[in-house]
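Survey of secondary and tertiary structure
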Amino acid sequence: MPGPVPLPMAEQGAALDLAGAGDEVAELWREDPAQALALARELAAGGEFTAAEVLDTAVDTAIGAGLLALADARSASDPGLMAEQCLQAVPYLVLAVALASADPH
């Protein structure tokens with residue numbers, strides 16, 4: 001039987017916080033890009049990371065979701081279905097481009 005799960009070290013905790021911040025910003029961007037930028041700045045106000053780092057992490061989140069959609073398409077048995085599943089990646093990739101183009105200042 002495994003022992004207790006160790007608590008994350010400070011660096012790991014910061015990385016988890018940054019990943020969570022990026023996820024929040026990416027999700028909010030779909031509804032209101034201006035509010036998402038404001039959130040990135042607000043999250044960075046604590047000094048743990050910058051707004052640019054939050055946006056970069058949001059880009060990573062969107063790209064990851066797009067790549068997962070494309071990976072699912074690879075297993076499609078029919079070319080039409082494969083093409084349809086590839087299209088499911090498009091909104092995530094568009095989101096990644098929009099986030100990458102955003103000015104955090």
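Above this note sits the structure.
Residues numbered from 1 in each chain as written. Predicted model: local features only at pLDDT ≥ 70, side-chain atom pairs only at ≥ 80, totals over all residues. Heavy atoms only, no water.

**As for the packing of helix H3 (residues 51-74) against helix H4 (residues 79-87)**
At a closest axis distance of 8 Å, the pairing of H3 and H4 adopts a crossing angle of 175°. The orientation of H3 with respect to H4, classified from their angle, is roughly antiparallel. Judged by residue contacts, Ala69, Leu70, Asp72, Ala73 and Arg74 of H3 engage Met82, Gln85 and Cys86 from H4. Counted by class, the contact of H3 with H4 contains five nonpolar, one polar and two charged residues. (Axes fitted to C-alpha atoms, helices over the stretch in contact; angles between N-to-C directions. Helix = DSSP H or I, 4+ residues; strand = E, 2+ residues; numbered from the N terminus. Parallel < 35°, antiparallel > 145°, perpendicular 65-115°, else oblique. Contact = heavy atoms within 4.5 Å. Nonpolar A, V, L, I, M, F, W, Y, C, P; charged D, E, K, R; others polar.)

**Things to note about a nonpolar patch on the surface**
Taken together, Ile63, Leu67, Leu70 and Leu93 make up a surface patch of nonpolar side chains, about 300 Å² in accessible area. As for its placement among the helices and strands, Leu70 is situated in helix H3. On the basis of relative accessibility, which here comes to 30%, the residue Leu70 falls in the partly exposed class. (Patch = residues over 30% accessible without salt bridge, like charges linked within 9 Å, V, L, I, M, F, W, Y side chains within 5 Å. Areas by Shrake-Rupley, 256 points an atom, 1.4 Å probe, with all protein chains shown as cover. Salt bridge = Lys/Arg side-chain N within 4 Å of Asp/Glu carboxyl O. Buried < 20%, exposed > 50% of the residue type's maximum accessible area, 1.4 Å probe, protein only.)

**Regarding the nonpolar core**
One finds Val25, Trp29, Ala40, Val54, Leu55, Leu95 and Leu99 to be the most contacted residues of the largest nonpolar core, which totals 22 residues. Among the elements of the structure, helix H1 (10-29), helix H2 (33-44), H3 and helix H5 (90-101) are those that each provide at least two residues to this core. When near neighbours in sequence (up to four residues on either side) are disregarded, Leu55 contacts Val25, Leu37, Ala40, Leu99, Ala102 and Pro104. (Core = buried A, V, L, I, M, F, W, Y, C linked by side-chain atoms within 4.5 Å.)

Shape descriptors only; they carry no functional weight alone.
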